[in-house]
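Each chain, written out:
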Amino acid sequence: MSPHLQVWRWHVTMTASILFRVTIGAATVAAAILVAGLGALAFGPDAYATALGLIGSPLGLLVGFGLTVVLFSLLLNGGRHLINDAGQGLTIAPANLLSNIAVWGPVPLAVLFWVLLFASERVSL
């Protein structure tokens, strides 16, 4: 039987592990949104225009930003797991460093991505 949470001192590697599981669930939501978008594309121009209107709305942009954070979280946590599976970064200092990167890195990367996206001349939402 696992010890209760009161026995353990909270640390960043626990946070990274829990966030990795949460982002897997959020990626499932992203897949459902992608399938809905493909369905709108298949149903014709009116449905596609409606879908584009939803994507360009403030709520759609917020969801898009959130899913970008999820994508970067999956990439960074997946990289952390890949390094750990190779037998590297398993001592305390490297494990904490990799976990901090995986926990704190997705938001600045997503902000940078969206800044570059809107700075591009091709995007007009």
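Rules used throughout
- Residues numbered from 1 in each chain as written.
- Predicted model: local features only at pLDDT ≥ 70, side-chain atom pairs only at ≥ 80, totals over all residues.
- Heavy atoms only, no water.
- Helix = DSSP H or I, 4+ residues; strand = E, 2+ residues; numbered from the N terminus.
- Buried < 20%, exposed > 50% of the residue type's maximum accessible area, 1.4 Å probe, protein only.
- Contact = heavy atoms within 4.5 Å.
- Areas by Shrake-Rupley, 256 points an atom, 1.4 Å probe, with all protein chains shown as cover.
- Axes fitted to C-alpha atoms, helices over the stretch in contact; angles between N-to-C directions.
- Parallel < 35°, antiparallel > 145°, perpendicular 65-115°, else oblique.
- Left-handed = near helix turned anticlockwise from the far one by under 90°.
- Nonpolar A, V, L, I, M, F, W, Y, C, P; charged D, E, K, R; others polar.

Draft legend 1. Structural context of the overall build of the protein. Regarding its fold elements, the protein presents five helices and zero strands. Structurally, the protein occupies a C-alpha span of about 55 × 35 × 30 Å along its principal axes. Counting all 125 residues of the protein, 22% fall into the buried class. Once local pairs closer than 6 in sequence are excluded, the contacts in the protein between residues at least 24 apart make up 74%. Entry remark: accessible area of the protein is about 8900 Å², with carbon and sulfur atoms responsible for 75%.

Draft legend 2. How the structure looks around the packing of helix α3 (residues 58-85) against helix α4 (residues 92-104). The contact between α3 and α4 brings their axes to 8 Å, and the two run at 165 degrees. The angle between α3 and α4 falls in the class roughly antiparallel. Pair α3 / α4 crosses with left-handed handedness. Taking contact as the criterion, the partners of Ser73, Leu76, Asn77, Arg80, Ile83 and Asn84 in α3 are, on α4, Leu98, Ser99, Ile101 and Ala102. Across the contact of α3 with α4, the residue classes break down as five nonpolar, four polar and one charged.

These figures capture arrangement, not role.
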